[in-house]
Amino acid sequence: MTLNKVQITGLVAGGIGFVVPLLINIPGLALAGSLALSIFLMAAVFWMFEPIPIYATSLLVILLQILLLSGQGLIYSGKKLPTATPESVESQQWNVPSRALTADGKLYLLRDDGETVAREVEVIARDEEAGMVTVEAPFLYSESRVAADVTHPLAEFNPNPYSDFMGTLADPIIILFLGGFSLAGAAVKYKLDRNLTRILLAPFGKRPGFIIMGLMSVTALLSAFMSNTATTAMMMTVIIPIIAQTQKGDPVRIGLALSIPFAANIGGIATPIGTPPNAIVLANLAQQGISISFGYWMVLALPLVLIMLLVAWAVLNWFFPANTESIELEIKEHFRTSSKAYILYGIFLLTVLLWITSSLHGISSTIVALIPVVGLTLTQVLEKEDIRELPWEVLWLMAGGISLGISMENTGLASWMIQQIGWGAMSVTVLFLIFGIVGLVLSNFISNTVTASLVVPLAMTTAMSSATSGFSMIVLVLVVGVSASLAMVLPISTPPNAIAMSTEMVTTRQMAKAGTVIGIVGVVVTLGYALFYWPILF
Amino acid sequence: MTESSNIYILVIEDEPDVLDALVRDLESFEDMFPVEMAEDAEEAEQLIESICEDGHEVGLALCDHVLPGKNGVDLLIEMTKWENTKQTRKVLVTGQAGLEDTVKAVNEAGLHHYIAKPWDKEQLEAVVKKQLTEYVLRTRKDLLSFMSKLDQERLADAIHDRGSISDS
């Protein structure tokens, strides 16, 4: 393994990021928060500079969380919070150890489930010699237990069991994606995606503008259910022969070459399984007890996807108008007719139907996702070798992002960060805009999933801490997820962009020009949605 | 052999004019696939050795049949036996190989293509592109970096089928 300069810098910077929060005392951040900050900084730097693969960083995050932040790890394992029982003085007045009282006059009350809650009390008298204070607290009774020492690391932090972090590897959202990956893997194996493309493109005729519209619609549709990258690779095989027919120097070549990755990036927004950042959005919401069904996500996202496809199509036609009148489109392919192929068609159809009708039958889409996993393996449509070829590292990448979110919430790190930036005090509109821009800019340079992993927990906490109405949390988080998928300025922005660029049919400048316009319009449209369309639906 | 090693095109031809013409027609590949020239089998063997010692590889050999000393078909047969050139795509560029030698080249050297002299530039480019694409598909995981020079449709298809690039 040889590292280049950027990677070595990243490795060192990540190490420093990990160590610094442990060495200095950060005001407002307790031990658990500092530990979480260490992991956050290291992960952020590693994810950005990639001295190690991004999925490896994700796994490292999970391991460090188990070691440093779980109830079974190096720090919190075996630790027990010392407790005290209040002594009754008179009605509603109790004596408690003075160390049980925080500087701002709170007690940590132990609940039956072992968690602590901070409750405000009124101090009546202090007895410094005996180390006791008398407080007035209507919620105390003679069997209450309070933390005897508020400086104890467990007083204001309830470590998650290690299985919470490890469990992210099989989080229901991860299983949802496993279902999607299984379907996509089988579709590739039996050329279903190519055949669907052949059928669906037929009505779009021969005029270049329509052909591009057709290509973009089909690409977006496929990438809503398959990986954006696999869809792009397949569609490139469709457009390369088309491009060969056009004259050298015809701008439509650029338009064609950009239409595929752009439509694939946008199409991923349409369904929960369309692209990995969606998983981070769903998992973070699920941790707050908010579940969004497959069909409901589509109601939220599909109109936005359609508008953005139109915007992208218009931008490409405007920047790169065709010089030719007509283009011949021929895809040599035929539907596979083996019994296994038919089983695949059936399972594909059934799964997608059950997904989009989840609000009718009430079966969670994560459970439905097991149908293709089980169905395709028991019929051996997917064999052992095919299962091994599924993109497991993408599942791990998402799991690490989900896992990091747990600690950012639980240790108070996210709310501390938001206090530092002062986001809590801003109006909803400004917040939508800021988070949209942060998501868009960041994910143009780093992985979309990583962007979501870092920013979504902050958006969640901002929404919870600011005095806004209930819907704003879902909308704010959606804004981040959507804008992460709208990043398509640079070849490194997304793998589909990288594939289009590798053909040398487009220059970075041309991609950046079109991608920037689409990104900016995208954030504005998303903002409009967040303010006017999404609120109607809640 | 690693993902970052250079893939060489080796041209073996004893007539300087013909050699020049061949190399000129390969110009469009040269910035990605360096071209090395040899005038006979012995020189070719030395070249292969030094290319491989430097950690690079020979992706394609374009070989004349009639050479001073060992002939082209025998050189290609030897190359299929060496570990370093087993995967090398082997093309005979000749005007004089008889049926017997050609059959021998196909059967024993696993000849991949036969170009008759005089060749046509476009035809040569197409053969080289196809053979290098084959080589890359067999020996490389990162196919994206070859898209600009080789058969884009086949490479994109392989990226799709192998799922070698994932969403991130």
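Let me sum up the structure you'll find in this document. All figures in this text were calculated on a predicted structure; none of them were measured in a lab.

## Considerations on the state of the cysteines
On inspection of all chains with the given rule, the structure shows zero disulfides over all chains. We note that Cys63(B) lacks a disulfide partner, and the nearest cysteine sulfur, in Cys52(B), lies 16 Å from it.

## Let's talk about the nonpolar core
By size, the foremost hydrophobic cluster in this structure holds 202 residues, and its most contacted members are Trp534(A) and Ile9(B). Considering each element in turn, this core owes the most residues, 14 residues, to helix H11 (residues 294-319) of chain A. Residues within four places of Ile9(B) in sequence aside, it is in contact with Leu26(B), Phe29(B), Phe33(B), Pro34(B), Val35(B), Glu36(B), Leu60(B), Leu62(B), Val128(B) and Leu132(B). Grouped together as the second largest cluster of nonpolar side chains are 23 residues, Ala44(B), Val58(B), Ala61(B) and Ile77(B) included.

## Concerning the packing of aromatic side chains
Residues and elements named next belong to chain A. Within this structure, the stated rule accounts for 10 aromatic pairs over all chains. Each ring, one from tryptophan 318 and one from phenylalanine 319, has its centre 4.8 Å from the other, and the planes form 25 degrees; the classification is stacked. Feature note: the residues Trp318, Phe319 and Phe320 constitute an aromatic cluster, connected by ring pairs. Directly above the ring of phenylalanine 139 sits arginine 119, whose terminal nitrogen or CZ lies 4.4 Å from the centroid. Lysine 513 extends its terminal NZ or CZ atom over the ring of phenylalanine 319, reaching a point 4.5 Å from the ring centre.

## Focus on the sheet that holds strand S4 (residues 89-94) of chain B
The strands making up a sheet associate through backbone hydrogen bonding, with each pair oriented either parallel or antiparallel. Residues and elements named next belong to chain B. Pairing in this open sheet of five strands is parallel, and the strands run S2-S1-S3-S4-S5 from one edge to the other. Each edge of the open sheet carries a strand with a single partner, namely strand S2 (35-38) and strand S5 (113-116). Each adjacent strand pair in this sheet contributes to an overall mean axis angle of 25 degrees, direction not counted. Sitting on the sheet, helix H2 (residues 41-53) touches strand S1 (7-12), S2 and strand S3 (57-63), and the angle it makes with S2 is about 150 degrees.

## Examining the interface of chain A and chain B
Contact with chain A, which involves 31 residues of that partner, is made by 14 residues of chain B. For the chain A face of the interface with chain B, the top three residues by lost area are Thr237(A), Ile240(A) and Ser502(A), together amounting to 22%. One can count one salt bridge joining chain A with chain B. Our count for the contact surface shared by chain A and chain B stands at 10 residue pairs in polar contact (both at pLDDT 80 or more). Counting residues per element, the ones that place at least two in the side of chain A that touches chain B are helix H8 (228-245), helix H17 (392-410), helix H20 (448-465) and helix H22 (495-502) of chain A. Among the elements that line the side of chain A that touches chain B, the one with the most residues is H8(A), at nine residues. Looking at side-chain class alone, the side of chain A that touches chain B contains 16 nonpolar, 11 polar and four charged residues.

## What to know about the pattern of salt bridges
The final tally for this structure, using the stated rule, is 19 salt bridges over all chains. Glu333(A) is the partner of Arg194(A) in a salt bridge, and the nearest nitrogen-oxygen pair spans 3.0 Å. With a gap of 139 residues between them, Arg194(A) in helix H6 (residues 192-201) and Glu333(A) in the loop between H11 and helix H12 (339-356) connect regions that are remote in the sequence. An identical accessibility class is assigned to Arg194(A) and Glu333(A); each is buried. With a closest N to O distance of 2.9 Å, Glu13(B) and Lys117(B) form a salt bridge. In this pair, Glu13(B) is assigned in the loop between S1 and helix H1 (16-25) and Lys117(B) in the loop between S5 and helix H5 (121-139), connecting sequence segments 104 residues apart. Classification of Glu13(B) by relative accessible area gives buried; the value is 1%. Three or more residues joined by partner-sharing salt bridges are found here, namely Lys189(A), Glu383(A) and Asp386(A).

## A few points about the sheet that holds strand S3 (residues 93-97) of chain A
Residues and elements named next belong to chain A. Across the sheet, four strands lie side by side as S2-S3-S7-S6; this open sheet has antiparallel pairing. Whereas interior strands pair on both sides, the edge strands pair on one side only; in this sheet they are strand S2 (87-90) and strand S6 (122-127). The sheet shows a mean angle of 30 degrees between the axes of neighbouring strands, direction not considered. Examined bridge by bridge, S2 and S3 share three bridges and lie antiparallel to one another. Looking at the pairing, glutamate 90 lines up with glutamine 93 of S3.

## Quick look at helix H10 (residues 276-287) of chain A
All names here are of chain A. Given a rise of 1.5 Å per residue, 12 residues ought to cover 16 Å, and the 17 Å separating the end C-alpha atoms of H10 matches this to within 8%. Burial analysis of H10 places 10 of its 12 residues in the buried class, which makes it a mostly covered element. Where H10 is concerned, the buried positions are Pro276, Pro277, Asn278, Ala279, Ile280, Val281, Leu282, Ala283, Asn284 and Leu285. In the stretch just after H10, glycine 289 is the one whose phi turns positive, near 80 degrees.

## Some words on a nonpolar patch on the surface
Residue and element names in this part refer to chain A. A contiguous nonpolar surface patch, about 770 Å² in accessible area, is contributed by Ile8, Leu11, Val12, Ile16, Val19, Val20, Leu22, Leu23 and Ile24. Considering the arrangement of structural elements, one finds valine 19 in helix H1 (residues 5-23). Using a relative accessible area of 37% as the deciding quantity, one classes valine 19 as partly exposed.

## Thoughts on the packing of helix H2 (residues 31-49) of chain A against helix H3 (residues 54-69) of chain A
Residues and elements named next belong to chain A. The N-to-C vectors of H2 and H3 enclose an angle of 170 degrees; their axes lie 10 Å apart at closest approach. Classed by the angle they form, the pair H2 and H3 counts as roughly antiparallel. Facing H2, whose interface residues are Ala32, Leu35, Ala36, Ile39, Met42, Ala43, Phe46 and Trp47, H3 presents Ile54, Thr57, Ser58, Leu60, Val61, Leu64, Gln65, Leu68 and Leu69. Here the residues of the contact of H2 with H3 sort into 14 nonpolar, three polar and no charged.

## Some points on H2(B)
Residues and elements named next belong to chain B. In this model H2 runs 18 Å from its N-terminal to its C-terminal C-alpha over 13 residues, within 8% of the 18 Å that 1.5 Å per residue would give. When we look at burial in H2, the residues that qualify are Ala41, Ala44, Leu47, Ile48, Ile51 and Cys52. End-on view of H2: buried residues confined to an arc of 125 degrees, all on one side of the axis. Opposite the buried face of H2, by more than 90 degrees, sit the exposed residues Glu42, Gln46, Glu49 and Glu53. Looking at the packing, one finds that the buried side of H2 touches S1, S2, S3 and helix H3 (72-81). Positive phi shows up at glycine 55, right after H2, with a value of about 85 degrees.

## Some points on unusual backbone geometry
Here the bond from Lys117(B) into Pro118(B) is cis, since omega is -5 degrees, no more than 30 degrees from zero. Secondary-structure assignment places Pro118(B) in the loop between S5 and H5. Positive phi values are uncommon outside glycine, yet Gln380(A) reaches one of about 55 degrees. Assignment of secondary structure puts Gln380(A) in the loop between helix H15 (370-378) and helix H16 (384-388). On the accessibility criterion, Gln380(A) (45% relative accessible area) is partly exposed. With phi around 60 degrees, Glu504(A) is a residue other than glycine that occupies positive phi space. Position of Glu504(A) among the secondary structure elements: in the loop between H22 and helix H23 (508-537).

Basis of the calculations
- Residues numbered from 1 in each chain as written.
- Chains lettered and ligands numbered in written order.
- Predicted model: local features only at pLDDT ≥ 70, side-chain atom pairs only at ≥ 80, totals over all residues.
- Heavy atoms only, no water.
- Disulfide = S-S within 2.5 Å.
- Core = buried A, V, L, I, M, F, W, Y, C linked by side-chain atoms within 4.5 Å.
- Buried < 20%, exposed > 50% of the residue type's maximum accessible area, 1.4 Å probe, protein only.
- Helix = DSSP H or I, 4+ residues; strand = E, 2+ residues; numbered from the N terminus.
- Contact = heavy atoms within 4.5 Å.
- Phe/Tyr/Trp six-rings, centres within 6.5 Å; stacked < 30°, edge-to-face > 60°.
- Lys NZ or Arg CZ within 6 Å of the ring centre and 35° of its normal.
- Pairing = 2+ DSSP bridges.
- Axes fitted to C-alpha atoms, helices over the stretch in contact; angles between N-to-C directions.
- Buried area = accessible area lost by both parts, 1.4 Å probe.
- Salt bridge = Lys/Arg side-chain N within 4 Å of Asp/Glu carboxyl O.
- Polar contact = N/O pair within 3.5 Å; in protein donor to acceptor, adjacent residues only side chain to side chain.
- Nonpolar A, V, L, I, M, F, W, Y, C, P; charged D, E, K, R; others polar.
- Expected span 1.5 Å × (residues − 1).
- Patch = residues over 30% accessible without salt bridge, like charges linked within 9 Å, V, L, I, M, F, W, Y side chains within 5 Å.
- Areas by Shrake-Rupley, 256 points an atom, 1.4 Å probe, with all protein chains shown as cover.
- Parallel < 35°, antiparallel > 145°, perpendicular 65-115°, else oblique.
- Arc of directions from axis to C-beta.

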